[in-house]
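Given next are the chains, with one letter for each unit.
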Amino acid sequence: MVFQAGCRAGAARPGGRTARTRAAVLRATLEELDETGFGGLTLDKLAARSGVHVSTIRRRWRSVEGVVVDLLAQHSRTIHTPDSGEFRQDLYELAQAIADFHAMPRSRNLIEAVVAAAHDPRIAEIVRVPSRRGPRL
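Residues numbered from 1 in each chain as written. Predicted model: local features only at pLDDT ≥ 70, side-chain atom pairs only at ≥ 80, totals over all residues. Heavy atoms only, no water.

Participant: Looking at this model, I keep getting lost on the overall build of the protein. Mind explaining?
Facilitator: Assigned secondary structure in the protein consists of seven helices and two strands. From first element to last, N terminus to C terminus, the protein shows the α and β order β-β-α-α-α-α-α-α-α. In the protein, which comprises 137 residues, the proportion classed as buried is 34%. For the protein, the share of sequence-separated contacts (at least 6 apart) that also reach a separation of at least 24 residues comes to 56%. Per element, the accessible surface of the protein, about 9,200 Å² overall, is 55% carbon and sulfur. (Helix = DSSP H or I, 4+ residues; strand = E, 2+ residues; numbered from the N terminus. Buried < 20%, exposed > 50% of the residue type's maximum accessible area, 1.4 Å probe, protein only. Contact = heavy atoms within 4.5 Å. Areas by Shrake-Rupley, 256 points an atom, 1.4 Å probe, with all protein chains shown as cover.)

Participant: Any chance you could explain the environment of L41 here in plain terms?
Facilitator: Tracing the backbone through its elements, the reader meets L41 in the loop between helix 1 (17–36) and helix 2 (43–50). Contacts of L41, omitting those with residues within four sequence positions, involve T29, E32, L33, T36, L46, V64 and V68.

Participant: Which parts of the structure should I look at to understand the packing of helix 1 against helix 2?
Facilitator: Between two packed helices, what matters for the description is the angle formed by their axes and the separation of those axes. Relative to each other, helix 1 and helix 2 sit at 115°, their axes nearing to 9 Å. Considering the relative orientation of helix 1 and helix 2, their crossing is right-handed. On helix 2, the residues that touch A24, V25, A28, T29, E31, E32, E35 and T36 of helix 1 are K45, L46, R49 and S50. For the contact of helix 1 with helix 2, the residue count by class is four nonpolar, three polar and five charged. (Axes fitted to C-alpha atoms, helices over the stretch in contact; angles between N-to-C directions. Left-handed = near helix turned anticlockwise from the far one by under 90°. Nonpolar A, V, L, I, M, F, W, Y, C, P; charged D, E, K, R; others polar.)

Participant: Explanation requested: the nonpolar core in the structure shown.
Facilitator: Soluble, globular proteins show a tendency: their nonpolar side chains are buried together. Ranked by size, the top nonpolar core spans 21 residues in total, and within it L33, F38, L41, L46, I57, V67 and V68 carry the most contacts. Within the residue set of this core, elements represented by two or more residues are helix 1, helix 2, helix 3 (54–61), helix 4 (64–76) and helix 6 (105–118). In this view, V67 contacts V25, L26, T29, L46, I57 and W61; residues no more than four positions away in its chain are not counted. (Core = buried A, V, L, I, M, F, W, Y, C linked by side-chain atoms within 4.5 Å.)

Participant: Quick question: what am I supposed to make of helix 1 here?
Facilitator: Residues lying three or four places apart along an α-helix face the same way, a consequence of the helix completing one turn every 3.6 residues. For helix 1, spanning 20 residues, the distance from its first C-alpha to its last is 28 Å, which sits close to the expected 28 Å at 1.5 Å a residue. Along helix 1, the residues that are buried comprise T21, R22, A24, V25, L26, A28, T29, L30, E32 and L33. Where helix 1 ends, the next residue or the one after it, G37, has phi of about 75°, a positive value. (Expected span 1.5 Å × (residues − 1).)

Participant: Sorry, what's going on with unusual backbone geometry here?
Facilitator: For residues that are not glycine, phi is negative in most cases, and the peptide bond is trans in most cases. A positive phi angle is found at R62, which is not glycine, with a value near 75°. In this structure, R62 sits in the loop between helix 3 and helix 4.

Participant: What should I look at first to understand the side chain of S50 in this one?
Facilitator: Structurally, S50 is set in helix 2. We classify S50 as buried; its relative accessible area is 15%. In terms of polar contacts, S50 uses its side chain to reach the backbone amide nitrogen of V52, at 3.1 Å. With near-sequence residues (within four places) excluded, S50 lies in contact with A24, V25, A28 and I57. (Polar contact = N/O pair within 3.5 Å; in protein donor to acceptor, adjacent residues only side chain to side chain.)

Written out as structure tokens, the structure reads:
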């Protein structure tokens, strides 16, 4: 059965409902971190802000910590990894990119959330799960 050109039933579509749900929850997480920090972050608040039902969030990420880990994974991909062939220059550029990432207020809020979450024993399980896609998506 085919619904769109080349898409089988059940096949993932970029920009489909799953992508929209993920984007809404991650956007809501950033906004909540800006307003309340990690201590005030709850799945219920994320559900209310994102318009995604709390059971969907719980099924996909399992916990607030899971959402934060996914958010950090998404944002850390924005750090450019230089490869000019000159090790010293590449290392300098990478260090500068990391420093720039840490200097952005939103990134700082996210990093503080990860540090706070790291004290929670549940975060170790989320981070340890070997997967190319990150946390259970």
